[in-house]
Amino acid sequence: MNTKYIFVTGGVASSLGKGIIAASLAKLLQARGLRVTIQKFDPYLNIDPGTLNPYEHGECYVTEDGAETDLDLGHYERFLGIHTSQANNVTTGRIYNTVISRERKGDYLGKTVQIVPHITDEIKRRMLLLGKTGNYDVVITEVGGTVGDMESQPFVEAMRQLQWEMPEEDFLSIHLTLIPYLKAAQELKTKPTQHSVQKLQSQGVHPDIIVCRTEKELTPELRRKIALFCNVKPGHVIQSMDAWSIYQVPFNMEAEHLDELVVNKLEIPGLPEPDLSGFKSFLERLRNPQREVDIALVGKYVELQDAYKSIQESFVHAGAANQCKVNVHCIHSEHLDPSNVEEVLGQMKGILVAPGFGSRGLEGKICAVKYAREHGVPFFGICLGMQMAVVEFARNVIGWADAASTEDNPDTSHPVIDMMEEQKKLTLKGGTMRLGAYPCKLKEGTLAHRIYDADYISERHRHRYEFNNEYLQTFQDAGMVFSGINPDHNLVEMIELPSHPFFIAVQFHPELKSTPEKPQPIFVHFVRAALVKA
Ligand code: GLN
């Protein structure tokens, strides 16, 4: 069978959940036995989202191979349980960068380099790349942005060309739109969808299936109307109602026969019905929690839900594993200080201090660590959260009042967190952090070893600073245990305090590998410890 290509575009409004629809379809096809991957094409000029503030596009998701990518790749990995890579997230910036570098090398000597065909050729090459490896039956491409935007036009143009360059049964286009409900008129409105599909068609791309985000059920008449005006078969208009959990969406799409429509159009015969048993048992546990627990997520990007997406999702997975509902309370670290910490964190059964960059909100994070350490509240620090746990310990247990990370205070007399040696000579900011998967050796008899039940683990990283090994002995003498170490470079990856009921912090990002079917073990144990406290 040829590799099949499915393209998902969006119209009417952004934030309709294209990533979730794409991931849900991928899940259904995978559950029918196909080898599926998903990629995202983003229409902005940054080479990757690594240089973006989380307020811009939410969390930056890091893959095994160290690519800094869009958070939708996190959804893809969580839904499919697969690893994505650099090739799964392509931006306009990366496309232009490739074409312009080629131009400088002289690859186009004598020619005028243009959007069509040079940029579109490069887009097409990358759209087909994962399919060429031979490892996939289906490659789903999510085209970021909204149809009609100037930015996404070259992507749509590349799709238009591809639909004629490959056999009809290998290409499928899905358009996701919004059907708004007008309360005053008590009516669902289809006009924006009609316009959006017209726009797409005017660019030469014809959707095979229209998925409609809606708050209310689409009646058969409304489906017929959309089909009529949007030039698709009546059965090819499907609804996507707001779901109680994103993990319910594959089931909703199955009920709407999305996968069936897709395999019929792509002419893939003889597939079994989807086996979603893993997701099903996860959802049953999620829907029937026996208990609840309140956990504080202390960070500085808390105004934006998506800034800590993978952490939030990890709590959903870990909650289900413990049959409990985790109420994650986002606490703004900038507003936390010794005068209000008791009031803000007093009711919390667990405290997680989040990753981050720069100085803003650091003192609040340190204050949260101190509270957790002194009051025996289960504590979990991630990346900057670990670094602040180290600073807090240096200041309040060892007694070095000005201890700091040099990211925050380059002149401190106790740089307990310092820039990694190989980072010091770097001048470029994009893609130069310590990124991606690294091994970590766990010390026997520690909490980390009990949690993972393994001698070696691998987790993903994204940082420039590290624990300063000059201070190792002093910290150990004062009661801190270094339970996870990178075996190749001796970097501290995990710390813990055995004198505390549950105090663990990690330099890596465990949240990036948690899935509904394989919840991340530190999160699972952290929630369990919080339940003991509750
Ligand atoms: N800013 C810190 C560093 O670069 C922590 C990074 C993070 O939390 N991801 O090391």
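See above for the structure.
Values in this document were obtained by computation on a predicted structure and should not be read as measured data.

Parameters and conventions
- Residues numbered from 1 in each chain as written.
- Predicted model: local features only at pLDDT ≥ 70, side-chain atom pairs only at ≥ 80, totals over all residues.
- Heavy atoms only, no water.
- Pairing = 2+ DSSP bridges.
- Helix = DSSP H or I, 4+ residues; strand = E, 2+ residues; numbered from the N terminus.
- Contact = heavy atoms within 4.5 Å.
- Axes fitted to C-alpha atoms, helices over the stretch in contact; angles between N-to-C directions.
- Left-handed = near helix turned anticlockwise from the far one by under 90°.
- Nonpolar A, V, L, I, M, F, W, Y, C, P; charged D, E, K, R; others polar.
- Core = buried A, V, L, I, M, F, W, Y, C linked by side-chain atoms within 4.5 Å.
- Buried < 20%, exposed > 50% of the residue type's maximum accessible area, 1.4 Å probe, protein only.
- Expected span 1.5 Å × (residues − 1).
- Phe/Tyr/Trp six-rings, centres within 6.5 Å; stacked < 30°, edge-to-face > 60°.
- Lys NZ or Arg CZ within 6 Å of the ring centre and 35° of its normal.

*Asks:* What is the right way to look at the sheet that holds strand E17 (residues 415-419) in this model?
*Replies:* Strand pairing in a sheet relies on backbone hydrogen bonds. The paired strands run either parallel or antiparallel. With mixed pairing, three strands are arranged side by side in an open sheet as E16-E17-E20. Of all the strands in the sheet, the pair left with one neighbour each is strand E16 (404-405) and strand E20 (465-467). Across two bridges, E16 lies against E17 in parallel orientation. Note that in E17 the partner of serine 405 across the bridge is isoleucine 417. Packed onto the sheet, helix H15 (residues 384-398) meets E16, E17 and E20 and runs at close to 150° relative to E17.

*Asks:* Got a minute to help me understand the packing of helix H12 (residues 309-321) against helix H19 (residues 521-533) in this structure?
*Replies:* Describing two packed helices takes the angle between their axes plus the distance from one axis to the other. Two elements in contact, H12 and H19, have axes whose closest approach is 8 Å; the angle formed by their N-to-C orientations is 65°. Taken as a pair, H12 and H19 cross one another with a handedness that is right-handed. Contacts from Ile311, Ser314, Phe315, Ala318 and Ala321 in H12 reach Phe523, Val524, Phe526 and Val527 in H19. For the contact of H12 with H19, the class distribution of residues is eight nonpolar, one polar and no charged.

*Asks:* For this particular structure, what's the right way to read the nonpolar core?
*Replies:* A general tendency of soluble globular proteins is for nonpolar side chains to be buried together. Counting residues in hydrophobic clusters, the biggest one holds 46 residues, and the most contacted among them are Ile6, Leu29, Ile140, Ile174, Ile209 and Val262. Ranked by residue count, the leading element in this core is helix H1 (residues 18-30), at eight residues. The contact partners of isoleucine 140, leaving out residues within four places of it in the chain, are Ile6, Val8, Ala22, Leu25, Ala26, Val36, Thr37, Ile38 and Gln39. With 41 residues, the next largest nonpolar core counts Phe379, Leu384, Trp400 and Ala403 among its residues.

*Asks:* It is not clear to me how the side chain of threonine 98 should be interpreted in this structure. Could you clarify?
*Replies:* Structurally, threonine 98 can be placed in helix H4 (residues 92-105). Threonine 98 sits in the buried class, given a relative accessible area of 17%.

*Asks:* I keep staring at helix H7 (residues 191-202) and nothing clicks. Help me out?
*Replies:* Because the α-helix completes a turn every 3.6 residues, residues three or four places apart line up on one side. Look at H7: 16 Å from first C-alpha to last across twelve residues, which is about the 16 Å you get at 1.5 Å a residue. On the buried face of H7, the contacting elements are strand E1 (4-10), helix H6 (153-165), strand E7 (171-178), strand E10 (209-214) and helix H8 (220-230).

*Asks:* Explanation requested: the pairing of strand E11 (residues 237-241) in the structure shown.
*Replies:* Residues in a regular strand point their side chains to alternate faces of the sheet. Counting buried positions along E11 gives four out of five residues, so the element sits mostly inside the fold. Here E10 runs beside E11; their pairing, made up of five bridges, is parallel. If you follow cysteine 212 over to E11, its bridge partner there is glutamine 239.

*Asks:* It is not clear to me how the packing of aromatic side chains should be interpreted in this structure. Could you clarify?
*Replies:* Two aromatic rings are characterised by how far apart their centres lie and by the angle between their planes. For the coordinates displayed, the defined rule picks out 21 aromatic pairs. With a centroid separation of 6.5 Å and 65° between ring planes, the pair formed by phenylalanine 475 and phenylalanine 482 is classed as edge-to-face. As far as burial versus exposure is concerned, phenylalanine 475 and phenylalanine 482 are alike and both buried. An aromatic cluster of at least three residues, connected via ring pairs, comprises Phe393, Trp400, Phe467, Tyr471, Phe475 and Phe482. Stacked on the ring of phenylalanine 279, the Lys or Arg lysine 27 has its end atom at 4.3 Å from the ring centre.

*Asks:* Explain the pairing of strand E2 (residues 36-42) to me, please; I cannot follow it from the model alone.
*Replies:* Of all seven residues that make up E2, seven are buried, and the element is covered over most of its length. Burial of E2 is two-sided: the residues Val36, Ile38, Lys40 and Asp42 facing one way and the residues Thr37, Gln39 and Phe41 facing the other way are all buried. As paired strands, E2 and strand E6 (residues 138-143) are joined by six bridges and run parallel to one another. Following the sheet pairing, valine 36 is matched in E6 by valine 138. Bridging between E2 and strand E5 (residues 89-91) involves three bridges; their strand directions are parallel. Following the sheet pairing, phenylalanine 41 is matched in E5 by valine 90.

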